[in-house]
Amino acid sequence: MGSTMKTFSKITLAAVIASSVALSACQKKEAEAPAALVESAPSSVAQVEKKLEFISEPLVTNIFTADPSAHVFNGKIYIYPSHDIESGIPQNDNGDHFAMADFHVLSMDTIGGEVKDNGEAINIKDIPWAGRQLWAPDAAEKNGKYFLYFPVKDKQDIFHIGVATSDSPTGPFKAEPAPIEDSFSIDPAVFKDGDGNHYMYFGGIWGGQLQRWATGTYNAADTYPGNDQPALSPKVAKLKDNMLSFAEKPRDLQILDKDGKPLTNGDNNRRFFEAAWMHKYNGKYYFSYSTGDTHNIAYAIGDNPYGPFTYQGVVLEPVLGWTNHHSIVEFQGKWYLFYHDSSLSGGQTHLRSVKVAELHYNEDGTIQTLNAFKK
């Protein structure tokens, strides 16, 4: 299947607001829309005529896609997204309505050119230990072999991270019979450093269950630090040469403010929520992530793959829809941000569409903040 970019650049603000209002009032966290969309919302959506215009269009329109992990393999871009579906499950803070069941791989030869949907790469039915909910994946290549990493709940409803292999970047992928030992939570992102070592970054709070592993073992109670205490940390672990297991126990990845103090749990505008990603630029390591309930893609810079990382600012401001999830990749001498929003579905937060925009750096190495809307 193939799909070229089509124009879905205008959606009424009324539709966005109506979609948000339709969510159950008891599901407050999911119902909150980015402030940029609602700060000037009128009392009557019937009065709204303003059109939302976007800087980018959906890469494919034949399916709903989200959480894009983009990589360059053999001179071509491959994108490993979630495949959103309408599950019919009521929305809640744990994200049960994000009930993905398979993955598709997208590919493109050039930015702005045709985007190919290469079809199903793996299905949850073919993962022996899986229970439900295939969330945001990533991929890596080593010695001509391709590895697909994915979080999925096991049959006890606990998230772990699995791996599947293929001889092709588009699959099909064959899953290992068990999850990666010592893995937990969600959103794996695998980074290859210049020395050939690979590192996995992962974690996510709320429905991602990171808070349930705060003591090192699983506890079903959702316990968070006090607002003035250091926020829960994303995790990092070096992978073994076989790319199928960790070479070490996962470590905390510290994100500090510019005074060298850890970001606190109450610092919702800056602290880690989910969607880890790592890239390298001019010898520095850039760890980027979603702030979740404040809807930013933020970033921090460090001197090595383990950190610590110092908070710098925002890569991408809130998009249409509750979630914000991304990847950053260099291709043909330019840098690109792959991200998603809910424009293709008219604002339904669980039916998203993958997009791309060029990313720019300042002379000091900081990233110029992107706004997904035309001003």
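Residues numbered from 1 in each chain as written. Predicted model: local features only at pLDDT ≥ 70, side-chain atom pairs only at ≥ 80, totals over all residues. Heavy atoms only, no water.

### So, the overall build of the chain
- When helices and strands are tallied, the chain shows 3 helices and 24 strands.
- Evaluated residue by residue, the chain yields a buried proportion of 58% over its 375 residues.
- Counting contacts in the chain only where the partners sit at least 6 residues apart, residues at least 24 apart contribute 56% of the total.
- Surface summary for the chain: the accessible area is close to 15,200 Å², and the carbon and sulfur share equals 47%. (Helix = DSSP H or I, 4+ residues; strand = E, 2+ residues; numbered from the N terminus. Buried < 20%, exposed > 50% of the residue type's maximum accessible area, 1.4 Å probe, protein only. Contact = heavy atoms within 4.5 Å. Areas by Shrake-Rupley, 256 points an atom, 1.4 Å probe, with all protein chains shown as cover.)

### Here we look at the sheet that holds strand 24 (residues 353-359)
- Read from one edge to the other, the open sheet built from 3 strands follows the order 22-23-24, with strand pairing classed as antiparallel. What marks the edges here is a single partner per strand, and that holds for strand 22 (326-331) and strand 24. Adjacent strand axes in the sheet meet at a mean angle of 25°, parallel and antiparallel pairs treated alike.
- Across 6 bridges, strand 22 lies against strand 23 (residues 334-341) in antiparallel orientation. Across the sheet, the residue bridging to histidine 326 is tyrosine 339, located in strand 23. (Pairing = 2+ DSSP bridges. Axes fitted to C-alpha atoms, helices over the stretch in contact; angles between N-to-C directions.)

### Quick notes on the pattern of salt bridges
- For the structure shown, the criterion picks out 17 salt bridges.
- Close ionic contact of aspartate 182 with lysine 249 constitutes a salt bridge, the shortest N to O distance being 3.1 Å. Placement of aspartate 182 in the loop between strand 12 (174-175) and strand 13 (189-192) and of lysine 249 in the loop between strand 15 (235-238) and strand 16 (251-252) is noted, with a sequence separation of 67 residues between them.
- Residue classification places aspartate 182 among the partly exposed positions, given a relative accessible area of 30%.
- Across the salt bridge formed by lysine 280 and aspartate 193, the nearest N and O atoms sit 3.0 Å from each other. Separated by 87 residues along the polypeptide, lysine 280 in strand 18 (residues 274-281) and aspartate 193 in the loop between strand 13 and strand 14 (198-202) bring together distant segments of the chain.
- When its relative accessible area of 32% is taken as the criterion, lysine 280 is described as partly exposed.
- One salt-bridge network, held together by shared partners, links Asp96, Arg132, Lys153 and Asp157. (Salt bridge = Lys/Arg side-chain N within 4 Å of Asp/Glu carboxyl O.)

### Digging into the packing of aromatic side chains
- Within this structure, the stated rule accounts for 26 aromatic pairs.
- Aromatic side chains phenylalanine 191 and tyrosine 285 sit 5.9 Å apart centroid to centroid with 80° between the ring planes, which places their arrangement in the edge-to-face category. With phenylalanine 191 in strand 13 and tyrosine 285 in strand 19 (residues 284-290), this residue pair connects regions lying 94 residues apart in the sequence.
- Each member of the aromatic cluster is reached from another via a ring pair, and the members are Phe184, Phe202, Trp213, Tyr218 and Phe246.
- Here arginine 251 stacks its cationic end above the ring of tyrosine 306, 3.7 Å away from the centre of that ring.
- Over the face of the ring belonging to tyrosine 311 we find arginine 270, whose NZ or CZ atom lies 5.3 Å from the ring centre. (Phe/Tyr/Trp six-rings, centres within 6.5 Å; stacked < 30°, edge-to-face > 60°. Lys NZ or Arg CZ within 6 Å of the ring centre and 35° of its normal.)

### Some thoughts on the nonpolar core
- Core analysis: the largest hydrophobic core is formed by 41 residues, its most contacted members being Tyr149, Met200, Tyr201, Ile255, Phe287 and Tyr289.
- With 4 residues, strand 14 is the single largest residue contributor to this core.
- Sequence-distant contacts of tyrosine 201, defined by excluding residues within four places in its chain, comprise Asp187, Pro188, Ala189, Phe191, Lys235, Val236, Leu253, Ala276, Met278, Phe287 and Pro305.
- Core analysis: the next-biggest nonpolar cluster, separate from the first, contains 25 residues, Phe73, Ala121, Trp135 and Phe150 among them. (Core = buried A, V, L, I, M, F, W, Y, C linked by side-chain atoms within 4.5 Å.)

Keep in mind that these numbers describe shape and distance, not what the molecule does.
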